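# Examining the three-dimensional arrangement
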Amino acid sequence: MASRSLGGLSGIRGGGGGGGKKSLSARNAAVERRNLITVCRFSVKTLIDRSCFETIDDSSPEFNNFAAILEQILSHRLKGQVTWFGYESPRSFWDYIRVACRKVSQNCICSIENMENVSSSRAKGRAWIRVALMEKHLSEYISTALRDFKTTRRFYEDGAIVLGEEANMLAGMLLGLNAIDFSFCLKGEGLDGSFPAVIDYTPYLKYIQSSDSISSDEEELRTLGSSGSESSTPENVGPPFLMDENSWFNKCKRVKQKYQLTLEQKGYLEELLRLRENQLSESVSQNKILLQRIEDSDLAHKLEKEQLEYIIVELQDQLKSYQSLDQLSAEVSLSQTSLDPGQSQEGDGKQDTLNVMSEGKEDTPSLLGLCGSLTSVASYKSLTSLKSNDYLASPTTEMTSPGLTPS
């Protein structure tokens, strides 16, 4: 029974060992991701602080550490490239960036690919980090790459930083670097891709000693000094510790420099604000002038439109009057053509008619009455044979005309 119980206990322990390994692996992966993100946040802060006093270039230790951290983050759980023979060769994060950042407008991918002095994939990735920082688009590149989740899944394994919740934090942290002016040389030793980047954690490590601690910093320094060479004495170790950057003197100096820089920035911003206010006032006055011109032009256009409408009405009235005159002339010509056959019939006897009238025959009609040349009322009364009165004169008194004497 005892052997069976021991065997069962050993089996339980063996079964629990697999779960323990999985939990330990998950814990290690979570700690690794958290460490890289935290160190990246610290490195961004140190870069921003250093940029207030000097230009950030390849010689800056803060930048070199940041580049190493970003390279480690983008290379975290990166899948290898499977060859034709089934082997998996290592891959650089540049292979992922080259594919995932193609959608960025005016990207530098093609420029990095065509660089002559950069041949390896790791060196191209480091060159891309520098170019993106100088262009102030590093955060945009990372955000665009992370949004392409399909490509990201294709290049990274489960548990990678770019596939977790830390990816959004990474894009937000890198956004603060857009305020820094970087200056890099793309032909230096920093682009050497033969060695992997190593992170220096010492600038971000700070231990605060508790008041209940048994040993003090001075005692530890003396111990370190005595354990070394004979020339290493506490007097030689003490001054570097006292002249540390965390001393009050250095802190006061840094605060004074920041204060001076803040004053200069304040003056610059005030001057810039004054210029912008002047430009705004000039723009407002010009806008008022343009609005007044627009109103004047609208008024002139309205007056011109009214004048044109009045002219159009006058022209229409004139056209109507001309049309009525044309109609009247047409009617007159029609009436004249209606009278032409009678005149043609009496044309031959016109002379005879005149002779008869001269002899005193009043019963013969004559066309001279149309012109109002009748000699008397009696001769007017003799024109009873005319059917129409429209073409005859209607005198009410005795009319006299020059006498027609017979020839």
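Model, not experiment: these values are computed from the prediction.

Next up on the list: the overall build of the protein chain. Each helix and strand counted, the protein chain has 13 helices and 2 strands in total. A total of 407 residues make up the protein chain; the buried ones form 23% of that total. Looking at the protein chain as shown, the accessible area adds up to about 29000 Å², and 56% of this sits on carbon and sulfur atoms.

Now for the pattern of salt bridges. One pass over the full model with this rule turns up 13 salt bridges. Salt-bridge contacts for Glu113 lead to Lys124; the nearest nitrogen and oxygen are separated by 3.3 Å. With Glu113 in helix 4 (residues 109-113) and Lys124 in helix 5 (residues 121-135), this pair connects stretches of sequence that are 11 residues apart. Classification of Lys124 as buried rests on a relative accessible area of 13%. Salt-bridge contacts for Arg153 lead to Asp158; the nearest nitrogen and oxygen are separated by 2.7 Å.

Take the packing of helix 6 (residues 138-147) against helix 8 (residues 166-174) next. Remark: helix 6 packs on helix 8, axes separated minimally by 8 Å, with the N-to-C direction vectors making an angle of 160°. Considering the angle they form, helix 6 stands roughly antiparallel to helix 8. As helix 6 packs across helix 8, the resulting crossing turns out to be left-handed. Across the interface between the two elements, Leu138, Ser139, Ile142, Ser143 and Leu146 from helix 6 touch Ala167, Leu170, Ala171 and Leu174 from helix 8. The residue inventory of the contact of helix 6 with helix 8, partitioned by class, reads 7 nonpolar, 2 polar and no charged.

One recurring pattern in soluble globular proteins: nonpolar side chains tend to sit buried together. Counting 58 residues, the largest nonpolar core has Phe66, Trp128, Leu133, Leu138, Tyr156, Leu170 and Leu177 as its most contacted members. Those elements that provide at least two residues to this core are helix 1 (2-51), helix 2 (61-74), helix 3 (93-100), helix 4, helix 5, helix 6 and helix 8. Sequence-distant contacts of Tyr156, that is, excluding residues within four places in its chain, are made with Leu74, His76, Arg77, Leu78, Lys79, Phe93, Tyr96, Val162 and Leu163.

A few words now on the packing of aromatic side chains. One pass over the structure, following the stated rule, counts 6 aromatic pairs. Centroid distance Phe63 to Phe184: 4.3 Å. Interplanar angle 35°. Geometry classified as tilted. Linking Phe63 in helix 2 with Phe184 in the loop between helix 8 and helix 9 (217-227), this pair joins segments that are 121 residues apart in sequence. Take Phe63: its relative accessible area is 0%, and that puts it in the buried class. Centroid distance Phe182 to Phe184: 5.5 Å. Interplanar angle 20°. Geometry classified as stacked. Taken together, the aromatic side chains of Phe63, Phe182 and Phe184 make up a single cluster linked through ring pairs.

Where nonpolar side chains cluster on the molecular surface, the patch consists of Leu308, Tyr310, Ile311 and Leu315 and spans about 420 Å² of accessible area. Of note, Ile311 is situated in helix 11 (residues 248-345). A relative accessible area of 42% places Ile311 in the partly exposed class.

All buried positions along helix 8 are accounted for by Glu166, Ala167, Leu170, Ala171, Met173 and Leu174. Here the buried residues of helix 8 occupy an arc of 165° about the axis, which is enough to place them on one side.

As a further point, take the environment of Arg126. By secondary structure assignment, the location of Arg126 is in helix 5. Arg126 sits in the buried class, given a relative accessible area of 8%. Arg126 sits 59 residues away from Ala67 along the chain, and the two C-alpha atoms are 7.6 Å apart. A distance of 3.1 Å separates polar atoms of two side chains, one belonging to Arg126 and the other to Glu71. Here the side chain of Arg126 touches Phe195 through a polar contact of 2.7 Å, landing on its backbone oxygen.

Counting through the fold element by element, Thr144 comes out in helix 6. Owing to a relative accessible area of 11%, Thr144 belongs among the buried residues under this scheme. Residues Thr144 and Ala100 lie 44 residues apart in sequence; the distance between their C-alpha atoms is 7.2 Å. Within polar-contact distance, the side chain of Thr144 engages the side chain of Arg147 at 3.3 Å.

The rules behind the values
- Residues numbered from 1 in each chain as written.
- Predicted model: local features only at pLDDT ≥ 70, side-chain atom pairs only at ≥ 80, totals over all residues.
- Heavy atoms only, no water.
- Helix = DSSP H or I, 4+ residues; strand = E, 2+ residues; numbered from the N terminus.
- Buried < 20%, exposed > 50% of the residue type's maximum accessible area, 1.4 Å probe, protein only.
- Areas by Shrake-Rupley, 256 points an atom, 1.4 Å probe, with all protein chains shown as cover.
- Salt bridge = Lys/Arg side-chain N within 4 Å of Asp/Glu carboxyl O.
- Axes fitted to C-alpha atoms, helices over the stretch in contact; angles between N-to-C directions.
- Parallel < 35°, antiparallel > 145°, perpendicular 65-115°, else oblique.
- Left-handed = near helix turned anticlockwise from the far one by under 90°.
- Contact = heavy atoms within 4.5 Å.
- Nonpolar A, V, L, I, M, F, W, Y, C, P; charged D, E, K, R; others polar.
- Core = buried A, V, L, I, M, F, W, Y, C linked by side-chain atoms within 4.5 Å.
- Phe/Tyr/Trp six-rings, centres within 6.5 Å; stacked < 30°, edge-to-face > 60°.
- Patch = residues over 30% accessible without salt bridge, like charges linked within 9 Å, V, L, I, M, F, W, Y side chains within 5 Å.
- Arc of directions from axis to C-beta.
- Polar contact = N/O pair within 3.5 Å; in protein donor to acceptor, adjacent residues only side chain to side chain.

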